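Structural features, examined
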Amino acid sequence: MHDSDCTLPIGVFDSGIGGLTVLKALTEALPRESFVYLGDTARLPYGTKSAKSVTRYALQTTSLLRERGIKLLVVACNTATAVSLEALQEAYPGLPVIGVIRPGAEAACRQSAGGRIGVIATESTVNGGSYEREILRIRPDAKVFSRPCPLFVPLAEEGWCDGEIAELTARRYLGSMVEETGIDTLVLGCTHFPVLAEAIGKVVGPGVTLVDSARTTAEFVQDMLERRDICSTTTDRRLTFLATDGAERFARVGGYFMHHALSPSDVEIVDL
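Computed from a prediction, not measured in an experiment: that's the story for all the values here. (Residues numbered from 1 in each chain as written. Predicted model: local features only at pLDDT ≥ 70, side-chain atom pairs only at ≥ 80, totals over all residues. Heavy atoms only, no water.)

1. Remarks on the overall build of the protein chain
Where we set the bar: A run of H or I in DSSP counts as a helix once it spans at least four residues, and a run of E counts as a strand once it spans at least two, with each numbered from the N terminus. Our radius of gyration looks at C-alpha atoms and nothing else; its globule reference is 2.2 Å times the residue count to the power 0.38. Working definition of accessibility: Shrake-Rupley area with a 1.4 Å probe, residue cover restricted to the visible protein chains. Positive residues here are Lys and Arg, negative ones are Asp and Glu, while His and the chain termini are left out of the count. Where a charge sits is defined by one atom per residue type, namely NZ (Lys), CZ (Arg), CG (Asp) or CD (Glu).
The secondary structure content of the protein chain amounts to 12 helices and 10 strands. Against the compact-globule benchmark of 19 Å for 272 residues, the protein chain has a radius of gyration of 18 Å, which places it among compact chains. The principal-axis extents of the C-alpha atoms in the protein chain amount to approximately 55 × 40 × 35 Å. As presented, the protein chain carries roughly 11,800 Å² of accessible surface, and 47% of it is formed by carbon and sulfur atoms. The average position of the 27 basic charges and that of the 34 acidic charges among the side chains of the protein chain differ by 3 Å.

In structure tokens, the structure reads:
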């Protein structure tokens, strides 16, 4: 790779706004890197779609990001990682592609004292069993208990991340989980879920460690950049936000995820 290619941005995509939790962790860990973020807001949620549809969407979003010129791709969506990571790696053999499931699984295995690990995610991710397989590959003695929490995604996309509605939803899904399973660690297996961590934590209690894959994913990305010698050395970092629908809504809710205000003019609407 030429030195000039090191200044190319890192591509990040998600079904919507939830992947901004990953982008925020990446920007904090990699202050010299530029990023292009694409939220496929016109077609969310991915978690209720078929694997065939999600893979098609993932290939389309990656094609657009490649046209923008990226040096590495982060699939900041657990559902897309679960069903399309291999397809993306096969379709773009020269592009490093990193998903969020392996980093999340590794973090959970490190955090869990007793090896009883819960996973909450979309229906598609839970039904596919990707987290369970990856956790058991790393820690064969672990016991994994998975539960779908599909309503968390629209709550996060609406910005209803705390308060009564978020807590009641968390209680409906998770009220009996700790007592029934004895978990000591809970993987937030969807990039939308970290913004609901306060409500989730109230329900599962202080004895359960919540694991967000975003920070661990950033560590994976940093390692890949260093191994491929494609780290940026510039101080002129750029953040580009793309969405397939709803610039105003993306900016309003995205500002909550990024912890700083976004303007609709910051968001470019693209067609896939």
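2. Concerning the nonpolar core
This is how the line gets drawn: Residues enter a nonpolar core if they are buried and are Ala, Val, Leu, Ile, Met, Phe, Trp, Tyr or Cys, with the set joined through side-chain atoms within 4.5 Å. Partly exposed describes any residue whose relative accessible area lies between the buried limit of under 20% and the exposed limit of over 50%, with all areas from a 1.4 Å probe on protein chains only and scaled to the type maximum. Whether two residues are in contact is decided by their heavy atoms: any pair within 4.5 Å suffices.
Judged by nonpolar contacts, the single largest core of 57 residues is most densely connected at I120, F152 and L174. A total of 6 residues in this core trace back to one element, the largest contributor, which is helix 12 (residues 247-258). Excluding residues within four positions of it along the chain, I120 makes contact with R147, C149, F152, L174, M177, L186, V187, L188, G189, C190, F193 and I200. Core analysis: the second largest hydrophobic core is formed by 21 residues, F13, Y46, V54 and Y57 among them.

3. Here we look at the sheet that holds strand 9 (residues 239-243)
For the record, the criterion: If DSSP finds at least two bridges between two strands, the strands pair. To define axes, lines are fitted to C-alpha atoms, for helices over the stretch in contact only, and angles between the resulting N-to-C directions are given on a 0 to 180 degree scale.
Spatially, 4-3-1-2-9-10 is the arrangement adopted by the 6 strands of the open sheet, whose pairing is parallel. Looking along the sheet, the strands with just one partner apiece sit at the ends: strand 4 (97-99) and strand 10 (267-269). With direction set aside, neighbouring strand axes in the sheet form an average angle of 20°. Pairing of strand 1 (residues 10-14) with strand 3 (residues 72-75), which is carried by 4 bridges, proceeds in the parallel orientation. When the sheet's bridge partners are listed, F13 is paired in strand 3 with V75. Sitting on the sheet, helix 1 (residues 20-29) touches strand 1, strand 2 (35-39), strand 3 and strand 9, and the angle it makes with strand 2 is about 170°.

4. Overview of the packing of aromatic side chains
As a reminder, the rule being used: Pairing of aromatic side chains here covers Phe, Tyr and the six-membered ring of Trp, requires ring centres within 6.5 Å, and sorts the geometry by plane angle: under 30 degrees stacked, over 60 edge-to-face, intermediate tilted.
What the rule picks out here adds up to 5 aromatic pairs. Between F152 and F193, the aromatic rings sit 5.2 Å apart at their centres with planes inclined by 90°, giving edge-to-face as the arrangement. Note that F152 is positioned in helix 7 (residues 152-158) and F193 in the loop between strand 7 (185-188) and helix 10 (197-204), a separation of 41 residues in sequence. For the pair formed by F152 and F193, the shared burial category is buried. The rings of Y37, F241 and F250 are connected pair by pair, giving a single aromatic cluster.

5. Focus: the state of the cysteines
Stated precisely, the cut-off is as follows: In this description, a disulfide is simply a cysteine sulfur pair whose atoms lie within 2.5 Å.
The full count for this structure, using the stated rule, is 0 disulfides. The closest cysteine sulfur to the non-disulfide-bonded C231 is located on C6, 7.7 Å from its own sulfur.

6. Some points on the packing of helix 1 against helix 12
Note the cut-off: Small angles under 35 degrees read as roughly parallel and large ones over 145 as roughly antiparallel, with 65 to 115 read as roughly perpendicular and the rest as oblique. It is the rotation of the near helix from the far one that decides the hand of a crossing: anticlockwise by less than a right angle makes it left-handed, clockwise makes it right-handed. Each residue gets one label: Ala, Val, Leu, Ile, Met, Phe, Trp, Tyr, Cys and Pro are nonpolar, Asp, Glu, Lys and Arg are charged, and the others, such as Gly, are polar.
Relative orientation of the contacting elements helix 1 and helix 12 amounts to 50°, with a least axis distance of 9 Å. The pairing of helix 1 with helix 12 is recorded here as oblique in orientation. The crossing of helix 1 and helix 12 is right-handed. Along the contact surface, helix 1 presents L20, T21, L23 and K24, while helix 12 presents F250, G254, F257 and M258. The class makeup of the residues in the contact of helix 1 with helix 12 is 5 nonpolar, 2 polar and 1 charged.

7. Section: helix 3 (residues 78-91)
To keep things clear, this is the line we draw: For a helix, the expected span equals 1.5 Å multiplied by the number of residues minus one.
An ideal rise of 1.5 Å per residue puts 20 Å on 14 residues; helix 3 measures up with 19 Å between its terminal C-alpha atoms. For helix 3, the set of buried residues is N78, T79, A80, T81, S84, L85 and L88.

8. Observations concerning the pairing of strand 9
Threshold: Here a crossover is taken to be right-handed if, once the strands point away from the viewer, the path from the first strand over the helix to the second is traced clockwise.
Pairing geometry for strand 2 and strand 9, over 5 bridges, is parallel. Its bridge partner lying in strand 9, G39 is registered against A243. Sheet analysis places strand 9 next to strand 10, joined by 3 bridges and oriented parallel. Counterpart to F241 in the pairing with strand 10 is V267. After leaving strand 9, the chain enters helix 12 and then returns to the sheet as strand 10, a path that is right-handed.

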